[in-house]
Amino acid sequence: MTEHPAATAPGAFDAARSGEIVAASLAGTADPRLRELLTSLVRHTHAFVKEVGLTPEEWAAGVDFLTRTGQKCDAVRQEFVLLSDVLGVSMLVDTLAHPADGAYTESTVEGPFHLVASPPRALGDTIDEAARGGDPCLVTGRVTDGDGRPVAGARIDVWQADADGFYDVQRPGEVPERNLRGLFTADGDGRFRFRSVVPRYYPVPTDGPVGGLLAATGRHPYRAAHLHVEVSAPGVVTLTTHLFVAGSPHLDSDAVFGVKESLVREFAEVDDAERAAEHGLPNPFRHVDFPVTVRREG
Ligand code: BEZ
Ligand code: FE
């Protein structure tokens, strides 16, 4: 029996070989990395469609979901990043780029609330300008490199939710702008300290398609309580990480899979009137120490 010529023509569509056929069409992509990424994406997408037997209705629903995800994005809202976050892709990309080796402080996702620049503050200052309650705390730390040498003058950028679980940008007019944000410069020994309030756990934004995805999958939207920390210095690889509050709800089910055990710390109660007065805090207060080890470039 002779085969129909169309069945063997290189460009003819064939469901069984669809991934290969479309991948071959990308062979002329000049940038080799772009060619690799697109080829693999096409192969995996075609394999997915075949594995689940995707129907036209399901395909249209998927396109509609992605369309609404894009439509939800604006200058301060990035629904696609949120989608990547709740699917664990952001954490995977970050962790592959910064593998844990025990020698350096581990990284985690940056999140969308760093869009507002942190105000420079002096060591020991409070970042809690609103002072609307919660547990006062002292955060101390020291930035060192892989050889244990201090990174003098390192910049420590911090931002966090308040004791009710809200960032300043979620309470415009209610709290001072840039409340619970601060940019500190470590001293000559790499040390830093500031005052704050223990942050509360909070939900990621749920008023968009990603919220719908979480609801449809029976997942809660909460992030375990954390303080964002970004450490940078000339000649040092910038570290973007969190300090998680030990005992917080959702440490084992963080909505964006951001928790790494090494980043969970006790915010221990200190009952010491003299130390409290020394730091300008009420007694008792909570204290967390966060030694940070960063990688020198090269
Ligand atoms: C955050 O920690 O600020 C965050 C991270 C990912 C998604 C939403 C919020
Ligand atoms: Fe956060």
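Up top is the structure.
All of these numbers come straight from a predicted model, not from anything done at the bench. (Residues numbered from 1 in each chain as written. Chains lettered and ligands numbered in written order. Predicted model: local features only at pLDDT ≥ 70, side-chain atom pairs only at ≥ 80, totals over all residues. Heavy atoms only, no water.)

Draft legend 1. Just the side chain of Thr140, in detail. Mapped onto the elements of the fold, Thr140 is located in strand S1 (residues 136-145). There is a polar contact of 2.8 Å between the side chain of Thr140 and the side chain of His287. (Helix = DSSP H or I, 4+ residues; strand = E, 2+ residues; numbered from the N terminus. Polar contact = N/O pair within 3.5 Å; in protein donor to acceptor, adjacent residues only side chain to side chain.)

Draft legend 2. Inspection of the sheet that holds strand S3 (residues 181-185) at higher detail. Spatially, five strands are ordered S3-S2-S7-S8-S9 in an open sheet, and the strand pairing comes out mixed. Taken across any chain shown, the strands that pair with only one partner, and hence form the sheet edges, are S3 and strand S9 (264-265). As defined by bridge partners, strand S2 (residues 155-160) adjoins strand S7 (residues 226-232) across six bridges and the pair is classed as antiparallel. Its bridge partner lying in S7, Trp159 is registered against His228. (Pairing = 2+ DSSP bridges.)

Draft legend 3. Geometry of the nonpolar core. Judged by nonpolar contacts, the single largest core of 32 residues is most densely connected at Val143, Ile156, Val158, Phe194, Val231 and Val294. Among the elements of the structure, S1, S2, strand S4 (191-197), S7, strand S8 (239-245) and strand S12 (292-294) are those that each provide at least two residues to this core. In terms of residue count, the dominant contributor to this core is S8 (four residues). Beyond its immediate sequence surroundings of up to four residues, Val231 is in contact with Val143, Ala154, Arg155, Ile156, Val237, Thr238, Leu239, Val292 and Val294. With eleven residues, the next largest nonpolar core counts Val86, Val210, Ala255 and Val256 among its residues. (Core = buried A, V, L, I, M, F, W, Y, C linked by side-chain atoms within 4.5 Å. Buried < 20%, exposed > 50% of the residue type's maximum accessible area, 1.4 Å probe, protein only. Contact = heavy atoms within 4.5 Å.)

Draft legend 4. The arrangement of the coordination of the iron ion (ligand 2) in detail. Tyr167 (OH), Tyr202 (OH), His226 (NE2) and His228 (NE2) make up the full set of protein donors to the iron ion (ligand 2), lying at 1.9 to 2.2 Å. Bound by six donor atoms, the iron ion (ligand 2) shows angles of 53 to 163° at the metal and therefore irregular coordination geometry. Going along the chain, you hit the donors of the iron ion (ligand 2) in the pattern Y-x34-Y-x23-H-x1-H. Of this pair, Tyr167 sits in the loop between S2 and S3 while Tyr202 is found in strand S5 (residues 202-203), placing the two residues 35 residues apart along the sequence. Each member of the pair, Tyr167 together with Tyr202, is buried. (Donors = N, O, S within 2.8 Å, 3.2 Å for Na, K, Ca; no water. Tetrahedral: all angles 85-135°; square planar, octahedral: opposite > 155°, others 65-115°.)

Draft legend 5. Spatial organisation of the site of ligand 1. The immediate surroundings of ligand 1 are formed by Leu82, Asp85, Gly111, Pro112, Phe113, Tyr167, Tyr202, Val204, Arg223, His226, His228 and Val256. Residue Tyr167 places a side-chain N or O atom 3.5 Å away from an oxygen atom belonging to ligand 1. Elements with a contribution of two residues or more to the shell around ligand 1: helix H5 (79-86) and S7. (Near = heavy atom within 4 Å.)

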